[in-house]
Every structure is written in structure tokens, then in C-alpha cells.
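Coordinate analysis (summary)
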Amino acid sequence: MKKPLEIGKILTISTRHIDKSDDEKLHKNEYTPCGVFFDLTPPGEEEGYGYLVHCSQDFDDDNSKNHGELKKYMEEVGWSAAMSDIQIFALKHGCDYIRLDPDAETVEGLSTYWW
């Protein structure tokens, strides 16, 4: 019997929700909270295409205690509070990935940065 297709959800939000230090880490391929992300900038281009980041499912059980642990962990490994807020927001909405896109809309309630 064939297994059903695995289909996930992607939250698409503006890169304005990450601070400059997060952008630099993502662009340099530094470790993310769950270790999986893709810089969507084509080779030879400097910037401007955004990122695809995997949501940390280890902390997702709709339990605010686990979300607090995620926030603490992310800040301990050098990510901004904004990045952990994005992860928690995505997990609360059942997302598997976050698409950080410079052309996407901002989300009310999340911090925005104009770097």
C-alpha cells in the first residue's frame, strides 16, 4: 500500500522581521535553530532573494513551556529574539517552513527592522 504524500505548510513573511545579525548568519550559511535552511539567492547575486527556514519541530506541541525553551535555546546559540518569535509564530500556525521574502508582507505583532 502506498503511503500518502507528505504535504506541509509554509509561512511567507517579510525579511523585515529579522534583524541584520540574523540576515548575516543566514546569508553566511551559519547554523540555524534546527540546522536546516536555504539561502534562495542565486549564485553570483549579492542579496535580495530571501531564505527558507525549517521550523524546529522539536519544540512544537502547542505547549508554551516548550516555546519558552525554544526561545531560550535560540538566544543561547546567538539568534535574535525576533527569529525565535518568528519560529514560535510559525509553529503556532502549524507551519513546517518559513519563507523569508523581501517582497512579502509584514505581520502585525512581529517586530520589524529597517536595516
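A short tour of the structure in this document, coming up.

The rules behind these values
Residue numbering note: each chain is counted from 1, following its sequence as written. pLDDT decides what is reported in this predicted model: residues at 70 or higher carry local features, side-chain atom pairs at 80 or more are listed and counted, and totals for whole chains, interfaces and linings draw on all residues regardless. With hydrogens and water set aside, each side-chain value is computed from the structure's full complement of heavy atoms. Under the scheme used here, helices are H or I runs from DSSP no shorter than 4 residues and strands are E runs no shorter than 2 residues, and both carry numbers assigned from the N terminus. Counted as a polar contact is a pair of N or O atoms within 3.5 Å, where, for protein atoms, one must be capable of donating a hydrogen and the other of accepting one, and residues adjacent in sequence contribute only when both atoms are in side chains. When DSSP locates at least two bridges between a pair of strands, those strands are taken to pair. Note on definitions: salt bridges are taken to be side-chain nitrogens of Lys or Arg within 4 Å of carboxyl oxygens of Asp or Glu. Per-residue accessibility, obtained with a 1.4 Å probe over protein chains only, is compared with the maximum for each type, and a residue is labelled buried under 20%, exposed over 50%, and partly exposed between these values. Take the buried Ala, Val, Leu, Ile, Met, Phe, Trp, Tyr and Cys residues and link them wherever side-chain atoms come within 4.5 Å; each set so joined is a nonpolar core. Residue contacts are defined here by distance: any two heavy atoms, one from each residue, within 4.5 Å place the two residues in contact.

1. Section: the side chain of S80
Positionally, S80 belongs in the loop between α2 (64-76) and α3 (81-92). One polar contact links the side chain of S80 to the main-chain amide nitrogen of A82, over a distance of 3.3 Å. At 3.1 Å, the side chain of S80 forms a polar contact with the backbone nitrogen of M83.

2. Looking at the pairing of strand β4 (residues 97-101)
Strand direction decides the pairing type here: strand β1 (residues 10-14) and β4, joined by five bridges, are parallel. When the sheet's bridge partners are listed, L11 is paired in β4 with I98. Summarising the sheet, strand β3 (residues 51-54) and β4 pair through four bridges and their orientation is antiparallel. Directly across from L52, in β4, lies its bridge partner R99.

3. So, the pattern of salt bridges
Scanning all chains against the criterion turns up three salt bridges. Put simply, E75 and K71 hold a salt bridge, and the shortest N to O gap is 3.9 Å. In this pair, E75 and K71 both sit in helix α2, four residues apart, roughly one turn of the helix. By relative accessible area, E75 is classed as partly exposed at 39%. The partner of D85 in a salt bridge is K71, with the nearest N and O atoms 2.5 Å apart. Separated by 14 residues along the polypeptide, D85 in helix α3 and K71 in helix α2 bring together distant segments of the chain. With a relative accessible area of 29%, D85 lands in the partly exposed category.

4. Some thoughts on the nonpolar core
Note on soluble globular proteins: their nonpolar side chains tend to be buried together. If you look at the biggest cluster of nonpolar residues, it comprises 20 residues, and the most contacted ones within it are I13, I18, L26, I86, I98 and L100. Listed by contribution, the elements that provide at least two residues to this core are β1, β3, α2, α3 and β4. The leading source of residues in this core is α3, at five residues. Once residues within four sequence positions are removed from consideration, I86 is found in contact with I13, H17, I18, I98, L100 and L110.

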